[in-house]
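These are the residues of each chain, in order.
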Amino acid sequence: MPLAVPCHTHTGPDDIVLADLAAVPGTTSCGTDTSDLGRRVWSVLSTERARARITAA
(Lines give C-alpha, C1' and ligand atoms only; values in the text may rest on other atoms or scores of the structure.)
Protein backbone atom coordinates (compact mmCIF):
# COMPACT_ATOMS: atom_id res chain seq x y z
CA MET A 1 0.00 0.00 0.00
CA PRO A 2 1.57 3.35 -1.04
CA LEU A 3 1.94 6.20 1.47
CA ALA A 4 1.85 9.88 0.51
CA VAL A 5 4.42 11.98 2.37
CA PRO A 6 3.97 15.72 1.75
CA CYS A 7 6.66 18.29 2.52
CA HIS A 8 5.85 21.96 3.16
CA THR A 9 9.40 23.27 3.56
CA HIS A 10 11.70 25.10 1.14
CA THR A 11 13.51 22.41 -0.84
CA GLY A 12 15.34 24.07 -3.72
CA PRO A 13 15.00 23.70 -7.52
CA ASP A 14 12.40 21.13 -8.62
CA ASP A 15 14.70 19.18 -10.96
CA ILE A 16 17.26 18.52 -8.22
CA VAL A 17 14.69 17.75 -5.52
CA LEU A 18 12.68 15.39 -7.75
CA ALA A 19 15.83 13.55 -8.86
CA ASP A 20 16.81 13.09 -5.20
CA LEU A 21 13.32 11.85 -4.28
CA ALA A 22 13.21 9.45 -7.24
CA ALA A 23 16.53 7.94 -6.13
CA VAL A 24 15.12 6.94 -2.71
CA PRO A 25 14.47 3.16 -2.65
CA GLY A 26 10.74 2.52 -2.61
CA THR A 27 9.75 5.76 -4.36
CA THR A 28 7.02 4.97 -6.86
CA SER A 29 6.17 8.55 -7.87
CA CYS A 30 7.06 12.13 -6.94
CA GLY A 31 6.23 15.64 -8.03
CA THR A 32 5.25 19.17 -7.09
CA ASP A 33 1.99 21.08 -7.01
CA THR A 34 0.49 24.18 -5.46
CA SER A 35 -2.49 24.74 -3.18
CA ASP A 36 -3.93 27.63 -1.20
CA LEU A 37 -1.09 26.99 1.28
CA GLY A 38 1.65 27.31 -1.38
CA ARG A 39 4.05 24.97 -3.19
CA ARG A 40 4.13 21.31 -2.17
CA VAL A 41 6.73 18.66 -2.92
CA TRP A 42 5.43 15.11 -2.60
CA SER A 43 6.59 11.53 -2.90
CA VAL A 44 4.66 8.26 -2.94
CA LEU A 45 6.61 5.54 -1.15
CA SER A 46 5.87 1.84 -1.48
CA THR A 47 5.67 -0.21 1.69
CA GLU A 48 6.78 -3.30 -0.25
CA ARG A 49 10.38 -4.48 0.01
CA ALA A 50 12.57 -2.40 -2.32
CA ARG A 51 13.75 -4.12 -5.51
CA ALA A 52 17.07 -3.57 -7.23
CA ARG A 53 16.87 -0.75 -9.77
CA ILE A 54 18.24 -1.14 -13.26
CA THR A 55 19.64 2.07 -14.73
CA ALA A 56 20.40 2.77 -18.34
CA ALA A 57 24.07 3.19 -19.24
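In the block above lies the structure referred to throughout.
Residue positions are given per chain, counting from 1 as you read along its sequence in written order. Per-residue local features of the predicted model are confined to residues with pLDDT of at least 70, and side-chain atom pairs are confined, for both listing and counting, to 80 or more; whole-chain, interface and lining totals are unaffected and use all residues. Each side-chain value is worked out from all heavy atoms of the structure, with water and hydrogens disregarded.

A. View of the overall build of the protein. We count a stretch as a helix when DSSP gives it H or I for four or more residues in a row; a strand needs E for two or more, and each element gets its number in order from the N terminus. Along its length, the protein carries 1 helix and 3 strands. Tracing the protein from N to C terminus, the helices and strands come up as β-α-β-β. Buried means the residue's accessible area, taken with a 1.4 Å probe over protein chains only, is under 20% of the maximum for its type, while exposed means over 50%, and partly exposed covers the values in between. Burial status across the protein gives 14% buried among its 57 residues. Restricting the contact set of the protein to residue pairs at least 6 apart, pairs at least 24 apart contribute 46%. Total accessible area on the protein stands at roughly 4600 Å², and carbon and sulfur atoms take up 60% of it. A contact between two residues is defined here by any heavy atoms of the two lying within 4.5 Å. Surface accessibility in these figures is a Shrake-Rupley result with a 1.4 Å probe; residues are shielded only by whichever protein chains are displayed.

B. Inspection of the pairing of strand β2 (residues 27-35) at higher detail. Between any two strands, at least two bridges found by DSSP are needed for them to pair. Two strands pair when backbone bridges link them, and β2 and strand β3 (residues 38-45) are joined in this way by 8 bridges, in the antiparallel orientation. Note on β3: the bridge partner recorded for D33 is R40. Once β2 ends, the chain turns through 2 residues before running back antiparallel as β3.

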